[in-house]
Amino acid sequence: MKLRQTSPRDGLRWMMTGLTRLRAAPMALSGLFAMVMLLLSLLLGLPWVGPLLVALLLPALGAGWYQVGRLMQDGGTPSPAALLAPLRSPARKVLLQLGAVKAIGAWLLLEIGDLIDPDMAAAWEAFRSGQGGDGTMIEAVATLQQGMMLRAALLLPLLLAFWHAPAVTLRTGAGAAKALFVSITASTRNIGAFVVYGLAWLGADLMMSALLGALVGLLGLGAIGMVLVLPAVLLFSAGFHVSMQASVDGCIEFED
């Protein structure tokens, strides 16, 4: 296993790889993402233990998307078997450990977010209840937007720290500590490529949202417009997840 040094333009190449794979198998990839979302939604419905199970499974599912990307790179067809393969592999125990560490880290960062921005909970209650005048609702929405941006900024370093770790564990059998060390090093050495990668996906998201909003408005579909929005969201999300393998293999050279 060797670390690679990338250039910022490689981030755009990773994003384009996801779009290319999405064009090759749109139904299969969007179906896989829908399956994952259904599974996670069912688990979240379990009281107390549901969120914990979801947190534990996320790195294993990330490794699964990595496997799907490798499969498509070799000319294969994405399948549930490939996506769930890491949960049946010897790396399963370490992947679950990574999930536990990541969950604890996310909880601590969100607690810090609550200390910095204690008004978000009250703003959410005001928004959810719908009580108060227009001024109150506008203020609540602004507070929610600021709060979500703060928490996203706090969670971003954690996301990058764990970005490569599931794949490192899956490919090399490394323990959680070594996988995290390699992942942090690979992410920091290639931060320019990740900035471009993130901005490229953000730009694509904004463009898709604008186009869908305009289309729904022009056709006067209203709530029925979700018929168009949901498949687009599934396709977009699947393209992003299947592009993750390109970013991992772009930063790390594994021995086959």
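Reading guide: rules and limits
Residues numbered from 1 in each chain as written. Predicted model: local features only at pLDDT ≥ 70, side-chain atom pairs only at ≥ 80, totals over all residues. Heavy atoms only, no water. Helix = DSSP H or I, 4+ residues; strand = E, 2+ residues; numbered from the N terminus. Rg over C-alpha atoms; globule rule 2.2 N^0.38 Å. Buried < 20%, exposed > 50% of the residue type's maximum accessible area, 1.4 Å probe, protein only. Areas by Shrake-Rupley, 256 points an atom, 1.4 Å probe, with all protein chains shown as cover. Lys, Arg positive; Asp, Glu negative; His and termini not counted. Charge placed at Lys NZ, Arg CZ, Asp CG, Glu CD. 1 Å grid on protein atoms, 1.4 Å probe; cavity = no way out; pocket = protein on both sides within 12 Å on 5 of 7 lines; lining within 4 Å. Points joined across faces, edges and corners; volume = space filled by probe spheres on them. Nonpolar A, V, L, I, M, F, W, Y, C, P; charged D, E, K, R; others polar. Core = buried A, V, L, I, M, F, W, Y, C linked by side-chain atoms within 4.5 Å. Contact = heavy atoms within 4.5 Å. Patch = residues over 30% accessible without salt bridge, like charges linked within 9 Å, V, L, I, M, F, W, Y side chains within 5 Å. Salt bridge = Lys/Arg side-chain N within 4 Å of Asp/Glu carboxyl O. Expected span 1.5 Å × (residues − 1). Bend = angle between axes of the 7 residues up to and from the residue.

Caption draft 1: Inspection of the overall build of the protein chain at higher detail. When helices and strands are counted, the protein chain shows eleven helices and two strands. Ordered by position in the sequence, the α and β elements of the protein chain form the string β-α-α-α-α-α-α-α-α-α-α-α-β. For 256 residues, the compact-globule estimate of 2.2 N^0.38 gives 18 Å, and the C-alpha radius of gyration of the protein chain, at 20 Å, lies within 12% of that figure. In terms of its C-alpha atoms, the protein chain occupies a principal-axis envelope of roughly 60 × 45 × 40 Å. Taken over 256 residues, the protein chain has a buried fraction of 39%. On the protein chain, roughly 14100 Å² of surface is accessible, and the fraction owed to carbon and sulfur atoms is 71%. Within the protein chain, one finds 16 positive and 14 negative side-chain charges whose respective centroids are separated by 14 Å.

Caption draft 2: Quick peek at the layout of surface pockets. Reported here for the largest pocket is a volume of approximately 1100 Å³. If you go around the largest pocket, you meet 37 residues; those closest to its centre are L159, W163, F240, H241 and M244. Looking at the lining of the largest pocket, the elements that each hand over two or more residues are α2 (26-44), α3 (49-73), α7 (134-162), α8 (165-172), α10 (191-219) and α11 (226-251). When residues in the lining of the largest pocket are grouped by element, the largest group, nine residues, is from α10. By residue class, the composition of the lining of the largest pocket is 30 nonpolar, five polar and two charged. One number sums up the size of the second largest pocket: a volume of about 370 Å³. Taken together, P51, V54, A55, L58, G99, K102, A103, A106, L110, L155, L158 and L159 form the lining of the second largest pocket. Elements with a contribution of two residues or more to the lining of the second largest pocket: α3, α5 (92-116) and α7. It is α5 that provides the largest number of residues to the lining of the second largest pocket, a total of five residues. A breakdown of the residues in the lining of the second largest pocket according to their chemical character gives ten nonpolar, one polar and one charged.

Caption draft 3: A look at the nonpolar core. If you look at the biggest cluster of nonpolar residues, it comprises 39 residues, and the most contacted ones within it are W14, L98, V168, F194, Y197 and I252. The set of elements that each furnish at least two residues to this core consists of α1 (9-24), α3, α5, α7, α8, α9 (176-189), α10 and α11. Apart from residues no more than four positions distant in its own chain, F194 is found in contact with W14, L160, W163, H164, S187, S247 and C251.

Caption draft 4: Broad picture of a nonpolar patch on the surface. Residues L46, W48, V49, L52 and L53 make up a contiguous nonpolar surface patch of roughly 540 Å² in combined accessible area. Secondary-structure assignment places L53 in helix α3.

Caption draft 5: Layout of α3. Here α3 is 25 residues long and its end C-alpha atoms lie 36 Å apart, about the 36 Å a rise of 1.5 Å per residue gives. At L58, α3 is deflected by roughly 35 degrees, the largest bend along its length, and proline P59 occurs up to four residues later in sequence. Immediately beyond the C-terminal end of α3, within one or two residues, lies G75, with a positive phi of roughly 90 degrees.

Caption draft 6: Looking closely at the environment of L22. If you trace the backbone, L22 turns up in helix α1. By relative accessible area, L22 is classed as buried at 13%. For the pair L22 and G239, spaced 217 residues apart in sequence, the C-alpha separation works out to 5.4 Å. In contact with L22, not counting residues within four places along its chain, are L29, L235, A238 and G239.

Caption draft 7: The pattern of salt bridges, seen in detail. Taken as a whole, this structure holds four salt bridges when the rule is applied. Measuring nitrogen to oxygen at the nearest pair gives 4.0 Å for the salt bridge that ties R4 to E253. With R4 in the loop between β1 (2-3) and α1 and E253 in strand β2 (residues 252-253), the pair connects residues that are 249 residues apart, well separated along the chain. Residue classification places E253 among the partly exposed positions, given a relative accessible area of 36%. Linking D10 and R13 is a salt bridge whose minimum nitrogen-to-oxygen distance equals 3.4 Å. Of this pair, D10 and R13 both sit in helix α1, three residues apart, which is roughly one turn of the helix. With relative accessibility at 17%, the residue D10 sits in the buried group. The class for R13 is partly exposed, based on a relative accessible area of 44%. Connected via shared salt-bridge partners are D114, D117 and R151.

Caption draft 8: How the structure looks around the environment of V182. For V182, the location among the structural elements is in helix α9. The spacing of V182 and M1 is 181 residues in sequence and 9.7 Å in space, taken between C-alpha atoms. Discounting residues that sit within four places of it in the chain, V182 has contacts with M1, L3, V168 and I252.

Caption draft 9: Structural view of unusual backbone geometry. Of note, W48 is a non-glycine position whose phi angle comes to about 65 degrees, a positive value. W48 gets classed as exposed once you look at its relative accessible area, which sits at 84%.

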